[in-house]
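Examination of the molecular architecture
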Amino acid sequence: MGKKYVLDVLGEVCPVPLFKTKEKVTRELSSGDTLLVETDFPRAVRNIIDWSEKHGHHVKVIEIDEACWQVQVTKK
Amino acid sequence: MKRKILTLLLLVTFIIILVIAWEHGSSLYWAAGVLLGFILHRCRFCFAAAFRDLIMFRDGSVTRAVIISLAISTVGFALLQYYSGLTGSDVPGNIEAVGVNTMAGAFLFGIGMVIAGCCACSFLMRLGEGFILFLFVLIGMLPGSLLGLLHRQWWESIWSHPPVYFPDYLGWGITVVVQLLTLMGLYLIVRRWEKTERGI
């Protein structure tokens, strides 16, 4: 079981959420670690899913509140 | 349950406004606007993302969507304009002059678009979604558009060339084929670019 990191990008708009996610996943996380990205920007959810899938990371989304999502990216 | 009631209320309001607007003849435009807004919202279409994501993340999905939409509208407008040519009525569509004014405008708009994080249509959609942040974009947008409108004649008088309407010179068939081939080429370039590097 890898470590868990949290990234709060609530209130941030594109491209900030994906950019910060990318920085954190590629620089700080080791293989098997999970990043929990919290965002309220729908386009960013789509962006992060697409980017993660393209790079082979496992990704899961849960709606933690109305119009507020947690994207869980597990590094491959 | 709450959501269902809200949807029902919205639907009823939509129909009431549609009926009222019908009498003034603007009902169709309004309904088309609302439906287009709905589609924009659902597909998360964003002109800012079309250029920014391709450069920053090598994600060209929205760029390709923009190219496809241009291809579809090329065919649609060609049919409309060809038909209007046959009947002798005015050619529909904005046939505008291209020049340094277009480039300067595009550059200024690009700066605003990157700072705001959205283009002119998606900011309205996001404001409608409830993002208060985009209220500031609206505050910038209104005086910005007004200033642009006031200076428009100056830009056009100094920099632009009279409109060149391709079908007048090349004929309809060649124009449409060349435009579609150009768009196809751009599509392939984007596809290729997506696979090259990892972006910034």
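Above this text is the structure in question.
Residues numbered from 1 in each chain as written. Chains lettered and ligands numbered in written order. Predicted model: local features only at pLDDT ≥ 70, side-chain atom pairs only at ≥ 80, totals over all residues. Heavy atoms only, no water.

1. Quick word on the pairing of strand 2 (residues 34-39) of chain A
Residues and elements named next belong to chain A. For clarity, the cut-off: When a residue's accessible area, from a 1.4 Å probe over protein chains only, is under 20% of the maximum for its type it is buried; when over 50% it is exposed; and in between it is partly exposed. Only DSSP runs of H or I with at least four residues qualify as helices, and only runs of E with at least two residues qualify as strands; both kinds are numbered from the N terminus onward. Strands are treated as partners if at least two bridges between them are detected by DSSP. Note on handedness: a crossover is taken as right-handed if, strands pointing away from the viewer, the path from the first strand over the helix to the second is clockwise.
Here strand 2 lies mainly inside the structure; five of its six residues are buried. The pairing of strand 1 (residues 4-8) with strand 2 spans five bridges and is parallel. Residue pairing for strand 2: Lys4 is matched across the bridge by Thr34. Handedness of the strand 1-helix 1 (residues 16-27)-strand 2 crossover: right-handed. Judged from the six bridges that link them, strand 2 and strand 4 (residues 68-74) form a sheet pairing that is antiparallel.

2. Remarks on the environment of Thr26 of chain A
By the secondary structure assignment, Thr26 of chain A is in helix 1. Residues Thr26 of chain A and Lys75 of chain A lie 49 residues apart in sequence; the distance between their C-alpha atoms is 8.5 Å.

3. Let's talk about the nonpolar core
Here is the rule: We call a set of buried Ala, Val, Leu, Ile, Met, Phe, Trp, Tyr and Cys residues a nonpolar core when their side-chain atoms join them within 4.5 Å. When checking whether two residues touch, look at their non-hydrogen atoms; a contact exists if any pair is within 4.5 Å.
With 18 residues, the main nonpolar core has Leu35, Val37, Ile48, Val71 and Val73 of chain A as its most contacted residues. Those elements giving two or more residues to this core turn out to be strand 1, helix 1, strand 2, helix 2 (42-54) and strand 4 of chain A together with helix 3 (47-57) of chain B. When residues in this core are grouped by element, the largest group, four residues, is from helix 2 of chain A. Once you skip the residues sitting within four places of it in the chain, Ile48 of chain A turns out to touch Pro17, Leu18, Thr21, Val37, Val71 and Val73 of chain A.

4. Quick notes on the packing of aromatic side chains
Counted only if it meets this: Within 6.5 Å between ring centres, the rings of Phe, Tyr and Trp (the latter by its six-membered ring) count as paired, and their orientation is classed by plane angle as stacked under 30 degrees, edge-to-face over 60, tilted in between.
This model, assessed by the stated rule, comprises six aromatic pairs over all chains. Relative to Trp172 of chain B, the ring of Tyr82 of chain B has its centre 6.3 Å away and its plane inclined at 85°; by these criteria the two rings are edge-to-face. One end of the pair, Tyr82 of chain B, is in helix 4 (residues 61-87); the other, Trp172 of chain B, is in helix 9 (residues 172-196), and 90 residues separate them in sequence. An angle of 80° between the planes, with centres 5.9 Å apart, marks the rings of Phe131 of chain B and Phe134 of chain B as edge-to-face. Each member of the pair Phe131 of chain B and Phe134 of chain B is classed as buried. Connected via pairs of aromatic rings, a cluster forms that spans Phe41 of chain A together with Phe131 and Phe134 of chain B.

5. A closer look at helix 6 (residues 120-129) of chain B
Note the cut-off: As used here, the arc belongs to the directions running from the helix axis to the C-beta atoms.
Ser122, Phe123, Met125 and Arg126 of chain B are the residues of helix 6 of chain B that are buried. Around the axis of helix 6 of chain B, the buried residues are gathered within 160° of arc, so they sit on the same side. Elements that come into contact with the buried residues of helix 6 of chain B comprise helix 2 of chain A together with helix 2 (27-43) and helix 7 (133-159) of chain B. One or two steps after helix 6 of chain B, the chain reaches Gly130 of chain B, where phi turns positive at roughly 115°.

6. Regarding a nonpolar patch on the surface
Residue and element names in this part refer to chain B. The condition that has to hold: Patches in this entry comprise residues that are over 30% relatively accessible and not in a salt bridge; like charges within 9 Å are linked, as are nonpolar side chains (Val, Leu, Ile, Met, Phe, Trp, Tyr) within 5 Å. To be clear on the numbers: accessible area is Shrake-Rupley with a 1.4 Å probe, and residue cover counts the displayed protein chains and nothing else. Salt bridge criterion: a side-chain nitrogen from Lys or Arg within 4 Å of a carboxyl oxygen from Asp or Glu.
Taken together, Val164, Phe166, Tyr169, Leu170, Ile174 and Val178 make up a surface patch of nonpolar side chains, about 620 Å² in accessible area. Those elements giving two or more residues to the nonpolar patch turn out to be helix 8 (166-170) and helix 9. It is helix 8 that contributes the most residues to the nonpolar patch, three residues altogether. With respect to the helices and strands, the residue Leu170 is situated in helix 8.

Any functional reading would require information beyond the geometric quantities listed.
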